[in-house]
Amino acid sequence: MDDHLRIRDLNVGFRTYEGFRQALEVEELTIQHGESYGLVGESGAGKSVLALAVLRLLRTPPAVVSAGELSLDGEDLLGKSARRMRALRGRDISMIFQDPMSSLNPVFTVGKQLTNVIRRIGGENHRAAIVRAQEMIRLVGLPDAETMMAKYAHQLSGGQRQRVIIALALACGAQFLIADEPTRNLDVTVQAGVLKTIAALRRDLGVSVLFIANNLGLVSAMCDRVGILMDGRIVETGTVEEVVFSASHPYTRSLLRAIPTKAAGHEGSESQWAQSLSRFTTENGAHCSYFARCTEGGEVCAGQAKPQLSLLDGTHYVACRVAAATR
Ligand SMILES: Nc1ncnc2c1ncn2[C@@H]1O[C@H](COP(=O)(O)OP(=O)(O)OP(=O)(O)O)[C@@H](O)[C@H]1O
Ligand SMILES: [Mg+2]
């Protein structure tokens, strides 16, 4: 496998009325062809900002973006003109946005939206676009492609809507998919179906995926590798096995405790989650962002600069002084 997406020293900040606020500082993130990488972190961690920065969809200003490297399939994305970036989106890299309703146009049928995209980005003629649209509808597991093509967004269930969005994202052959919390507003049972569809498409089409979620359990089931994003920084990364079974950052361990289990019941884990959020400090101090709520941090952390990622073992990296010292 070779590198599909490469990010090095990506920094994003925002100019706000209260001053400049750093939102993202990613030292390194590489996703290989055909790989599925899960990015996990609580609300405000910077997951969507990272996705939008990759697609160069952040408005500058207020965003201020800089990177040592940002490339797709070896092609530099930073230096591309707005026109070249528009041509790339949908054809080479696609995104399922966090808010599903904003991705569908309420006044056009599913068929019209799909064929429009296929004609505009894929350059197909009308007849070929209809055939391709129907093929995509079947691929995402929706029944009766012809009837589905005639429907409007409001006539679809949440799960059907999300499948149409996946079809739109992949209709023009994009080989890299960013899925930003694709099942956030869906019932658990519907969620499972949509996730299965993404997994099947990944297998059948060989698509590389950057899968964003706030649930480590979900990401472990869907991905090969995982990155834990906290306050704009990746604080632990490695294979699912390394990160989940040998979780080394105290924050990763708190995320693992927040995964709903049958024994704990959903409510129990929700309150645990809320508790961990309430202790969150957004202060952008020099020290480790987890310092204020870490139960394991000690003298080794106090007054020190933010820890950098360091190799623990294999492909397992952690940005924590205590974990690095006790490895
Ligand atoms: N346009 C903007 N102007 C100022 N700050 C912004 C802007 N967009 C995002 N931010 C800030 O960047 C940080 C990261 O936001 P982001 O939307 O990436 O979080 P997230 O991890 O996707 O959260 P969620 O799980 O809620 O979607 C937040 O503190 C947010 O307030
Ligand atoms: Mg988000």
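Residues numbered from 1 in each chain as written. Chains lettered and ligands numbered in written order. Predicted model: local features only at pLDDT ≥ 70, side-chain atom pairs only at ≥ 80, totals over all residues. Heavy atoms only, no water.

Participant: Outline the overall build of the chain, supporting the account with residue identities and numerical values.
Facilitator: In terms of regular secondary structure, the chain is built from 13 helices and 13 strands. Against the 2.2 N^0.38 benchmark of 20 Å for 327 residues, the chain shows a C-alpha radius of gyration of 20 Å, consistent with a compact globule. Along the three orthogonal principal directions, the C-alpha set of the chain runs to about 70 × 50 × 45 Å. Classification of the 327 residues of the chain by burial places 48% in the buried group. Long-range contacts, defined here as pairs at least 24 residues apart, represent 64% of the contacts in the chain between residues at least 6 apart. As displayed, the chain offers around 15700 Å² of accessible surface, 51% of which is attributable to carbon and sulfur atoms. Taken together, the 36 basic and 34 acidic charged side chains of the chain have centroids lying 7 Å from each other. (Helix = DSSP H or I, 4+ residues; strand = E, 2+ residues; numbered from the N terminus. Rg over C-alpha atoms; globule rule 2.2 N^0.38 Å. Buried < 20%, exposed > 50% of the residue type's maximum accessible area, 1.4 Å probe, protein only. Contact = heavy atoms within 4.5 Å. Areas by Shrake-Rupley, 256 points an atom, 1.4 Å probe, with all protein chains shown as cover. Lys, Arg positive; Asp, Glu negative; His and termini not counted. Charge placed at Lys NZ, Arg CZ, Asp CG, Glu CD.)

Participant: Please set out the site of ligand 1 residue by residue, giving values where relevant.
Facilitator: As a matter of local geometry, ligand 1 sits amid 15 residues, with S43, G44, K47, S48 and Q98 nearest to it. Interatomic distance of 3.2 Å between a backbone N/O atom of A45 and an oxygen atom of ligand 1. Contact distances for ligand 1 include 2.9 Å between an oxygen atom and a side-chain N or O atom of S48. The protein chains hide 69% of the 640 Å² of surface that ligand 1 would expose on its own. Mapped by element, the contributors of at least two residues to the shell around ligand 1 are strand 1 (3-16), strand 2 (19-32) and helix 1 (47-54). With three residues, helix 1 is the largest single contributor of residues to the shell around ligand 1. (Near = heavy atom within 4 Å. Polar contact = N/O pair within 3.5 Å; in protein donor to acceptor, adjacent residues only side chain to side chain.)

Participant: So what's going on with the pattern of salt bridges? Residues and values would help.
Facilitator: For the coordinates displayed, the defined rule picks out 14 salt bridges. With a closest N to O distance of 3.9 Å, D9 and R8 form a salt bridge. With a relative accessible area of 38%, D9 lands in the partly exposed category. Across the pair E35 and R225 runs a salt bridge, and its minimum N-O distance is 2.7 Å. (Salt bridge = Lys/Arg side-chain N within 4 Å of Asp/Glu carboxyl O.)

Participant: An account of the coordination of the magnesium ion (ligand 2) is requested, with residue identities and associated values reported.
Facilitator: The coordination sphere of the magnesium ion (ligand 2) contains the protein donors S48 (OG) and Q98 (OE1), at a distance range of 2.0 to 2.2 Å. Taken together, the positions of S48 in helix 1 and Q98 in the loop between strand 7 (93-96) and helix 3 (100-103) put the pair 50 residues apart, joining distant regions of the chain. Residue classification places Q98 among the partly exposed positions, given a relative accessible area of 24%. (Donors = N, O, S within 2.8 Å, 3.2 Å for Na, K, Ca; no water.)

Participant: Tell me about the side chain of D231, residues and numbers included.
Facilitator: By the element assignment, D231 lies in the loop between strand 10 (225-230) and strand 11 (233-239). No salt bridge is formed by the buried D231. Its closest oppositely charged neighbour is R21, at 4.1 Å. Side chain to side chain, D231 and S289 meet in a polar contact 3.0 Å long.

Participant: Can you tell me about the pairing of strand 2, naming the residues and giving the values?
Facilitator: Taken together, the 12 bridges between strand 1 and strand 2 define a ladder with antiparallel strand orientation. Within the sheet, the bridge partner assigned to N11 lies in strand 2 and is E25. Where strand 1 hands over to strand 2, the hairpin turn is made up of two residues, counted between the paired strands. (Pairing = 2+ DSSP bridges.)

Participant: If you had to explain the confidence of the model for the chain to someone new, which residues and values would you point to?
Facilitator: When pLDDT is averaged along the chain, the result is 86, and 91% of the positions lie at 70 or above. Below a pLDDT of 50 lies the segment residues 264-284, which in the model reaches 25 contacts outside its immediate sequence neighbourhood of four places, other chains included. (pLDDT = per-residue confidence, 0-100.)

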